[in-house]
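In case you want the letters, here they are:
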Amino acid sequence: MMHLLRYVGQRLYTSWATFWFALPFLVTYPVQWGLSHWPAGWPYLRALNKAWSRFFIFMWGVPVETVRAAETVPPGQPCLYLANHSSLIDIPLLFRTLPGGPNVLGKSSLAKIPLWGPIFGRAYITVDRNSAVSRGRAMVRARQELAAGRSVIIFPEGQISSQPGRQLEPFKEGAFQLAIATGVPIVPITMPLNHHFLPDVGGLRVRWARLAIVVHAPISTAGLTAADAPALQQRVFEVITSALRPEAGGIPGPGSWRPAAAPAQPTATVPAAARPEPVG
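Conventions adopted
- Residues numbered from 1 in each chain as written.
- Predicted model: local features only at pLDDT ≥ 70, side-chain atom pairs only at ≥ 80, totals over all residues.
- Heavy atoms only, no water.
- Phe/Tyr/Trp six-rings, centres within 6.5 Å; stacked < 30°, edge-to-face > 60°.
- Helix = DSSP H or I, 4+ residues; strand = E, 2+ residues; numbered from the N terminus.
- Buried < 20%, exposed > 50% of the residue type's maximum accessible area, 1.4 Å probe, protein only.
- Polar contact = N/O pair within 3.5 Å; in protein donor to acceptor, adjacent residues only side chain to side chain.
- Contact = heavy atoms within 4.5 Å.
- Core = buried A, V, L, I, M, F, W, Y, C linked by side-chain atoms within 4.5 Å.

K.L.:
Could you clarify how one ought to interpret the packing of aromatic side chains in this entry?
P.N.:
For any pair of aromatic rings, the description rests on two quantities: the centre-to-centre distance and the angle between the ring planes. On inspection of all chains with the given rule, the structure shows 19 aromatic pairs. Here the aromatic rings of Trp 20 and Phe 55 are separated by 5.8 Å at their centres, their planes lie at 75 degrees, and the arrangement is edge-to-face. Of this pair, Trp 20 sits in helix 1 (residues 2-36) while Phe 55 sits in helix 2 (residues 42-60), and the two are 35 residues apart along the sequence. Judged by its relative accessible area of 18%, Trp 20 is buried. Taking 5.6 Å as the distance between ring centres and 65 degrees as the angle between the ring planes, the aromatic pair formed by Phe 25 and Tyr 29 counts as edge-to-face. In this pair, Phe 25 and Tyr 29 are both assigned in helix 1, four residues apart and thus about one turn of the helix distant.

Structure representation (C-alpha cells):
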C-alpha cells in the first residue's frame with residue numbers, strides 16, 4: 001500500500017511541477033518570442049527568464065540552500081561562472097541565483113526543444129561539442145559577451161556527469177583559455193544535490209528534493225598566460241569538487257506502484273560426489 005501511495009504522490013508532484021514550469025512560459029511566450037528576435041531586447045529576455053526561474057522554483061516548494069563566499073566580484077565586473085553539471089535543473093537554478101542576467105553556453109540540442117528552443121538558440125550561446133567549428137564560434141560569441149560587460153555561464157565538463165554528486169567529468173580547457181585571454185575572473189560554482197530533483201535519465205523524472213548551490217570566491221586570471229591554463233583548470237576543478245557531497249550521490253530510481261521484487265535466492269547445488277547413488 002505504501003508503494004502505491006508513494007507512486008501516486010510522485011505522479012501528482014510531477015504534474016504540479018510541470019504545470020508551474022509550463023504555465024508562466026506559455027503566458028509570456030509571445031513576449032519572449034518577440035524579444036528573442038531583437039538583439040537589443042535580449043537583456044530583457046534574460047531578466048524575464050530569471051523571474052520565470054525564480055517563480056517556478058518557488059512554486060515547486062523545494063528548499064534551496066544558497067551559500068555565497070564573502071568575497072564577490074565587484075558590481076559591473078563581468079566574470080566567467082564555471083559550474084558542475086548534474087541535472088536538467090542546473091540552468092534555471094543558476095539564473096535564479098546569480099546577479100544580473102548572465103548569458104549561458106548550452107548544448108545545441110536545447111535549441112531544438114519545441115517553442116523554447118528557438119528562443120534559446122537566438123538569445124543564448126549554443127554549441128555542438130562534437131564540432132570544432134561550433135566550439136570555436138561559441139568561444140568567439142562568449143568572448144564578445146564578456147567584452148560587452150556581460151557575464152557568461154559555462155559547464156566545463158561539457159556534459160552532465162555520469163556520476164552526479166559523486167565526481168566531476170574531466171574539464172575542457174576552452175573556458176580557461178577564454179578567461180585568461182579576456183582577463184576576467186572565474187567564479188566556481190558547485191551544485192551538489194540537483195540530480196535528486198530532476199536527473200538526466202532520458203525522460204521526465206521529478207522528485208521533491210532539496211536543492212543547493214555554492215558560489216565560491218572568484219579566482220583572478222590577471223597576469224596569466226595560455227601556459228597557465230592547465231594549472232588554473234586543476235585549481236577550479238578542486239574548488240568545485242570540494243563542495244560536492246559524495247554521500248548524496250546517485251539518482252532516484254523510476255517510480256512504480258508495485259513493491260520491488262525480492263531478489264531471487266540462489267539455488268544450492270549438491271556436488272555430484274555427494275549425491276546418493278540410485279538404488280537398483
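K.L.:
I tried to follow the side chain of Asn 84 on my own but got confused; where do I start?
P.N.:
Structurally, the position occupied by Asn 84 is in the loop between strand 2 (80-83) and helix 3 (90-97). In this structure the side chain of Asn 84 is engaged in a polar contact, spanning 2.6 Å, whose partner is the backbone nitrogen of Met 191. Beyond its immediate sequence surroundings of up to four residues, Asn 84 is in contact with Asp 90, Phe 155, Glu 157, Leu 168, Ile 189, Thr 190, Met 191, Ile 240 and Leu 244.

K.L.:
What is the right way to read the environment of Val 67 from this model?
P.N.:
Residue placement: Val 67 occurs in strand 1 (residues 64-68). The class of Val 67 is partly exposed, set by a relative accessible area of 35%. In this structure Val 67 touches Ile 213, Val 214 and Val 215, once residues within four positions along its chain are discounted.

K.L.:
In this structure, what is going on with the nonpolar core? I would like to understand it.
P.N.:
A general feature of soluble globular proteins is that nonpolar side chains tend to end up buried together. Core analysis: the largest hydrophobic core is formed by 40 residues, its most contacted members being Trp 60, Leu 94, Val 104, Ile 189, Met 191 and Phe 197. Only helix 1, helix 2, strand 2, helix 3, helix 4 (116-123), strand 6 (186-190) and strand 7 (211-215) provide two or more residues apiece to this core. The biggest single contributor to this core is helix 2, with six residues. Among all residues touching Val 104, those that are not within four sequence positions of it are Ile 91, Phe 95, Phe 120, Tyr 124, Ile 125, Ile 153 and Phe 155. Grouped together as the second largest cluster of nonpolar side chains are 25 residues, Leu 82, Ile 180, Ile 219 and Leu 244 included.

Take it as geometry only, folks, not as evidence of what the structure does.
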